[in-house]
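# Secondary and tertiary structure notes
What follows is the residue order along each chain.
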Amino acid sequence: MNTTTTTREPAVLVLEDGRTFTGRSFGHRGETVGEAVFCTAMTGYQETLTDPSYHRQVVVMTAPHVGNTGWNDEDDESSRIWVSGFVVRDPALRPSSWRSRRTLEDELDAQGVVGICDIDTRALTRHLRERGAMRVGIFSGDDARMPSEQLLERVTSAPLMAGSALAAEVSTDEAYVVEAVGEKRFTVAAVDLGIKSMTPQQMAERGIEVHVLPATATADDIRAVGPDGVFFSNGPGDPSTADHEVGVLREVLADGIPFFGICFGNQLLGRALGFGTYKLKYGHRGVNQPVMDRTTSKVEVTAHNHGFAVDAPLDRDTDTEFGSARVSHVCLNDDVVEGLEVRSAAGDLTAFSVQYHPEAAAGPHDAAYLFDRFIDLLDSHRKVSA
């Protein structure tokens, strides 16, 4: 497909509350449904599209001009595009990056991702902020010519994100190892709930040999690795459905193995500690979210992709069977819990997690220190155990 000469077909976007936007086809022609969410990132659309946490979601880009850096062979965060659909205002006519190998639209078309362009994404974003994330359909080609009542019926028949168990759908089928870069210092068992490739790479660069395990891994599978620590990754779906993963994590905490979790992993740590989770009205998605590390009072600009959050008290510590738990990070926009930590009776850190994405793919590098904090936790635990 040559995007500079393509004649775009009419397309329509239909929200579950009946609001409709008309535009032009972008990417693959056809039909798709999912949960409509908006991403405020100005850059990094390739990492966004290949982030498994976006499984079954239709992503609306708030940046008006998308596609100007094309698509390269290095920045994918997984083996495929995971979004259900893609919504942009003004697609670039041609890429202008020396790293580009093909256009964004060519890649969307090749992977069967239905999109829409030439719509008012500002109005759509304001609607989602006011009404909340909701189901949506994009229809182009012959599908766009169906009666509006039939299009709306297809949207409202799609499954809701609340109550959806999706981690196993995006996880690896077989365990694999990411070797440590340079001297091996530690071994970590990483449970893949939708892991991004940059996450084990960040650990490997710090001397960790990472054993990536499927979402269906048991506590015995983790113990078989002989890990110095355990990691739970980001991923899609409703954390209230992840009873298996929460049970495994409770065994890990009971064994006293150091733990680090990101995003979905943060929500599962919250559940393992006895906290609830809830669905945010429209979530946090972008690379410009301000978060305060309450341990240091330092403010970080961070990358987010989550529609659920942990319901934990901000004003006090909570005694749990695994130690004293507290909220370690908080979003400065809305006071949503963005991190947890657990300490022993002696005050030693035993487990921690954050709701955002410190691997910075895409996103700022403000939170990269969290991988160093994990190293410090593994090192201190080894010294105590020696």
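Presented here is an overview of the structure given in this document. Every chain begins its residue count from 1, and numbering advances along the sequence as written. At least 70 in pLDDT is required for a residue's local features to be given in this predicted model, at least 80 for side-chain atom pairs to be given and counted, and no such filter applies to totals for whole chains, interfaces and linings, which use all residues. Each side-chain value is worked out from all heavy atoms of the structure, with water and hydrogens disregarded.

## Some remarks on the side chain of Ser53
Test applied: Labels follow the DSSP assignment, with helices taken as runs of H or I lasting at least four residues and strands as runs of E lasting at least two, numbered in each case from the N terminus. Only protein chains enter the area calculation, which uses a 1.4 Å probe; residues under 20% of their type maximum are buried, those over 50% are exposed, and those in between are partly exposed. Within 3.5 Å is the distance limit for a polar contact, defined as a pair of N or O atoms, with the added protein rule that one can donate a hydrogen and the other accept it, and that residues adjacent in sequence qualify only through two side-chain atoms. Note on contacts: a residue pair qualifies if any of its non-hydrogen atoms lie within 4.5 Å across the two residues.
Structurally, Ser53 is set in the loop between α1 (45-49) and β4 (57-61). Classification of Ser53 by relative accessible area gives buried; the value is 5%. Side-chain polar atoms of Ser53 contact the backbone nitrogen of Gly235, separated by 3.3 Å. Discounting residues that sit within four places of it in the chain, Ser53 has contacts with Asn234, Gly235, Pro236, Asn305 and His357.

## A word on the side chain of Glu245
The following threshold applies: The charge count includes Lys and Arg as positive and Asp and Glu as negative, but it does not include His or the ends of the chains. Here, a salt bridge means any side-chain nitrogen of Lys or Arg that lies within 4 Å of a carboxyl oxygen of Asp or Glu.
For Glu245, the location among the structural elements is in helix α8 (residues 243-254). In this structure, Glu245 is buried with no salt-bridge partner, the nearest side chain bearing the opposite charge being Arg271 at 7.0 Å. With sequence-adjacent residues up to four places away left out, Glu245 is seen in contact with Ala167, Leu193, Ala215, Phe232 and Leu268.

## Describing the packing of α8 against helix α9 (residues 264-272)
Note the cut-off: Note on definitions: angles span 0 to 180 degrees between N-to-C directions of axes, and those axes are lines fitted to C-alpha atoms, for helices only across the stretch in contact. By definition in this entry, angles of less than 35 degrees are roughly parallel, angles greater than 145 are roughly antiparallel, angles of 65 to 115 are roughly perpendicular, and the rest are oblique. Residues are grouped as follows: Ala, Val, Leu, Ile, Met, Phe, Trp, Tyr, Cys and Pro are nonpolar; Asp, Glu, Lys and Arg are charged; every other residue, Gly included, is polar.
Closest axis-to-axis distance for the α8/α9 pair is 9 Å, and the angle between their directions is 70°. Relative to α9, the element α8 is oriented roughly perpendicular. Within the contact between the two elements, α8 uses Asp243, Glu245, Val246, Leu249, Arg250 and Leu253 and α9 uses Leu268, Leu269, Arg271 and Ala272. Among the residues making up the contact of α8 with α9, the classes are represented as 6 nonpolar, no polar and 4 charged.

## Structural notes on the pairing of strand β2 (residues 20-27)
Quick note on the threshold: Pairing between strands requires that DSSP locate at least two bridges from one strand to the other.
Bridge analysis of strand β1 (residues 10-15) against β2 gives 5 bridges, and the strand direction is antiparallel. Across the sheet, residue Leu13 finds its bridge partner in β2, namely Phe21. Once β1 ends, the chain turns through 4 residues before running back antiparallel as β2, passing Gly18 with a positive phi of about 95°. The sheet contact formed by β2 and strand β8 (residues 114-117) spans 4 bridges and is antiparallel. Bridging from a neighbouring strand, Ser25 pairs with Ile116 of β8.

## Some remarks on the pattern of salt bridges
Any two side chains of opposite charge can pair, on the condition that their charged atoms come close. Under the counting rule described, the total for this entry stands at 27 salt bridges. Between Arg145 and Asp142 there is a salt bridge; the shortest N-O distance is 2.3 Å. The exposure class of Arg145 is exposed, given its relative accessible area of 59%. When salt bridges with common partners are traced through the structure, they connect Asp220, Arg223, Glu251 and Asp255 into a single cluster.

## Some details on the pairing of β8
Side chains Val114 and Ile116 of β8 all project onto a buried face; the interleaved residues Gly115 and Cys117 project onto the opposite face, where all are buried too. Here strand β6 (residues 85-87) pairs with β8 via 3 bridges, running parallel. The partner of Val87 across the bridge, within β8, is Ile116.

## Some details on the environment of Val210
Along the chain, the position of Val210 falls in strand β12 (residues 208-213). For Val210, a relative accessible area of 0% puts it in the buried group. Remark: the alpha-carbon pair of Val210 and Thr22, spanning 188 residues in sequence, is separated by 47 Å.

## With respect to the packing of aromatic side chains
For clarity, the cut-off: Pairing of aromatic rings covers Phe, Tyr and Trp, the last through its six-membered ring, and needs centres within 6.5 Å; plane angles under 30 degrees mean stacked, over 60 mean edge-to-face, and all others mean tilted. A ring is scored as having a charge over it whenever the NZ atom of a lysine or the CZ atom of an arginine sits within 6 Å of its centre and within 35 degrees of its normal.
Evaluated as defined, the whole model comprises 7 aromatic pairs. Ring geometry for Phe352 versus Phe374: centroids 6.4 Å apart, planes at 65°, classification edge-to-face. With a gap of 22 residues between them, Phe352 in strand β20 (residues 349-354) and Phe374 in helix α10 (residues 369-385) connect regions that are remote in the sequence. There is no split in this pair, since Phe352 and Phe374 are both buried. The cationic tip of Arg80 hangs over the ring face of Trp82; the distance from NZ or CZ to the ring centre is 3.8 Å.

Keep in mind these numbers describe shape, not what the thing actually does.
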